[in-house]
Amino acid sequence: MADAPFFSTTKEVFDWMEVGCTQGIRPGLERMEWVLERLNHPERRLKFIHIAGTNGKGSTAAMVSSVLQEAGYPVGMFTSPYLHHWGERITLDGEPIPEKSFIYWADQVAQWVEEMDREGVGRISPFEFWTLVAILYFAKEAVPWFVVWETGLGGRLDSTNVVYPLVSVITNVGHDHTHILGGTLTQIAEEKAGIIKPGVPVITACEEEEALSVLSTVAEEKQCRLYRLHQEFDVNSRISGKEGESFSFSSPFRPLDRVQIPLRGKHQVKNGAVALMTLEILRKYYATVLEEAEILKGMEKVRWPGRLEEISQRPSVWLDGAHNPEGAEALAQALRDLPCDRLLLLTAVLEDKDATGILKPLLPLVDRVIVTQVDQPRGLEPDRLREVAARLRPDLEIGQASRAEEGLHCLLEEAGERDCIVVAGTLFLVSEIRESMLSE
């Protein structure tokens, strides 16, 4: 490898990634394993909590991380995508990776990628690049006690699946990335079950029988104890309020009463139960000291922006990154609990997503919709999104805006004080609107 560093600024790193990485999604672990072997397997120094699932990965990761931090453990977290700043993808105790550290470890990875290419192995994808930078930063610089490790896509061939975790989590199984993971829940479950490792406990809130059957079979084959929502652990007496959700939790180990989370919706209660079961595994089997008061405080303090987040009032403006049919259904359930005179929707989706499946649960609830687009090459044209919405609700007034901020401005002008505006469809839209509203 070359001795001279490749990069001195983050811009140089991102410019190199445009040409130095193979663009697009490249399932498979051989490139990751090639680099890690030459780095002497830094991932083996770390204790991972590996989280996969169609929806709820980020919220669950945030809850687990918040409690562990509250109990005094340094926690690294790797998630995607980010809302406002690329550093959000790799954090230590909630703080983004410093730019200096990112440049240094990106340089190390890039030099191995060039070597890899010279040897005819090929080049890594951008997500593989991020994964390798995270591993090096956590293993050789930050050295957290735990790493909360979120998959990017699927599980079996996802670049994060080069680790052997303390516990594997599969939040749920739904229809997303079907062009890569398969069109049926069985096929998608098989991909997500790929993170299950021999003897490692598995936790899931998956309730679809065909998917749960796959997870159960793989867990049995690999001699893993499987903890399932409504079977080995459960949620009782949920109370929904303006400040979030309150519920009680039961497990084989101990009950927890009056658990409060500032995140809203029945789906977040399920995510909360999965997070608590994960923490109980760490406490019971890995000598992790977690007092009940620390667990409750950590859950109460969790922050995960852009997931049914109220960012403004009178009228209320809610942001949610629902980007697949199951996510939209969960959002629709939560919207039924909002005290609104009228519900107004601003939406944009990506062209490789199921626009019909996303809009179908939402449109029956709304009184007005404006379709727009995001500043992304994969953004679906508003004309096409409008056609989808018109087919689903021919009676609905459907507006169109070329820019997201323009669409929100129109809805804010129309809305009364007791109306609710919901911004949903893709996290890129949520990010754009959130940034513009916070900067006002």
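Everything numeric here is computed off the predicted structure, so don't read it as measured data.

Calculation rules
Residues numbered from 1 in each chain as written. Predicted model: local features only at pLDDT ≥ 70, side-chain atom pairs only at ≥ 80, totals over all residues. Heavy atoms only, no water. Pairing = 2+ DSSP bridges. Helix = DSSP H or I, 4+ residues; strand = E, 2+ residues; numbered from the N terminus. Axes fitted to C-alpha atoms, helices over the stretch in contact; angles between N-to-C directions. Buried < 20%, exposed > 50% of the residue type's maximum accessible area, 1.4 Å probe, protein only. Contact = heavy atoms within 4.5 Å. UniProt positions renumbered as here; feature names shortened; annotations may be inferred. Salt bridge = Lys/Arg side-chain N within 4 Å of Asp/Glu carboxyl O. Phe/Tyr/Trp six-rings, centres within 6.5 Å; stacked < 30°, edge-to-face > 60°. Lys NZ or Arg CZ within 6 Å of the ring centre and 35° of its normal. Core = buried A, V, L, I, M, F, W, Y, C linked by side-chain atoms within 4.5 Å. Disulfide = S-S within 2.5 Å.

Draft legend 1. Looking closely at the sheet that holds strand β17 (residues 420-424). Read across the sheet, six strands follow the order β12-β13-β17-β14-β15-β16 without closing on themselves; strand pairing throughout is mixed. Each end of this open sheet is capped by a strand with a single partner; those strands are β12 (307-312) and β16 (398-400). Direction aside, neighbouring strands of the sheet carry axes that sit 20° apart on average. Sheet topology note: the strand β15 (residues 368-371)/β16 ladder contains three bridges and is parallel.

Draft legend 2. Quick look at helix α11 (residues 325-335). In terms of burial, α11 is largely enclosed, as eight of its 11 residues are buried. Taken as a whole, α11 has its buried residues at Pro325, Gly327, Ala328, Ala330, Leu331, Ala332, Ala334 and Leu335. Its buried side turned inward, α11 meets α9 (266-285), β12, β13 (316-320), β14 (343-347), α12 (355-359) and β17.

Draft legend 3. Focus on the UniProt feature "domain: Mur ligase C-terminal" (unreviewed entry) in the protein. Here the UniProt feature "domain: Mur ligase C-terminal" (unreviewed entry) sits at residues 306-426. Secondary structure content for residues 306-426 is 31% helix and 23% strand, and the end C-alpha separation is 10 Å.

Draft legend 4. Inspection of the pattern of salt bridges at higher detail. In this structure the tally under the stated criterion is 22 salt bridges. Across the pair lysine 301 and glutamate 70 runs a salt bridge, and its minimum N-O distance is 2.8 Å. Within this pair, whereas lysine 301 is found in the loop between α10 (292-300) and β12, its partner glutamate 70 is found in helix α3 (residues 57-70), the two being separated by 231 residues in sequence. When the shortest N-O distance is used, the salt bridge between glutamate 280 and arginine 283 registers 3.0 Å.

Draft legend 5. A look at the packing of aromatic side chains. Counting across every chain of the model gives 20 aromatic pairs. By way of ring pairs, the aromatic residues Phe6, Phe7, Trp16 and Phe129 are connected into one cluster. Over the ring of tryptophan 145 we find lysine 47; its NZ or CZ atom is 4.4 Å from the centre of that ring.

Draft legend 6. Broad picture of the nonpolar core. Among the nonpolar cores identified, the biggest contains 43 residues, and Ile90, Phe129, Val133, Phe138 and Trp149 are the most heavily contacted of them. Put simply, the parts of the chain that give this core at least two residues each are α1 (10-20), α2 (30-38), α4 (99-118), α5 (126-142) and β5 (146-150). The element contributing the most residues to this core is α5, with 12 residues. When neighbours within four sequence positions are excluded, phenylalanine 138 is seen to be in contact with Leu46, Gly76, Met77, Phe78, Ile90, Thr91, Val143, Pro144, Val147 and Trp149. Core analysis: the second largest hydrophobic core is formed by 42 residues, Phe233, Leu276, Met277 and Ile281 among them.

Draft legend 7. Geometry of the state of the cysteines. Within this structure, the stated rule accounts for one disulfide. Here cysteine 340 connects covalently by a disulfide to cysteine 420, the sulfurs 1.9 Å from one another. Its S-S torsion of approximately -85° makes the covalent link between cysteine 340 and cysteine 420 left-handed. Taken together, the residues cysteine 340 in the loop between α11 and β14 and cysteine 420 in strand β17 connect sequence positions 80 residues apart. Cysteine 340 sits in the partly exposed class, given a relative accessible area of 23%. Of all cysteine sulfurs, the one in cysteine 224 lies closest to cysteine 206, which takes part in no disulfide; the gap is 16 Å. A relative accessible area of 2% places cysteine 206 in the buried class.

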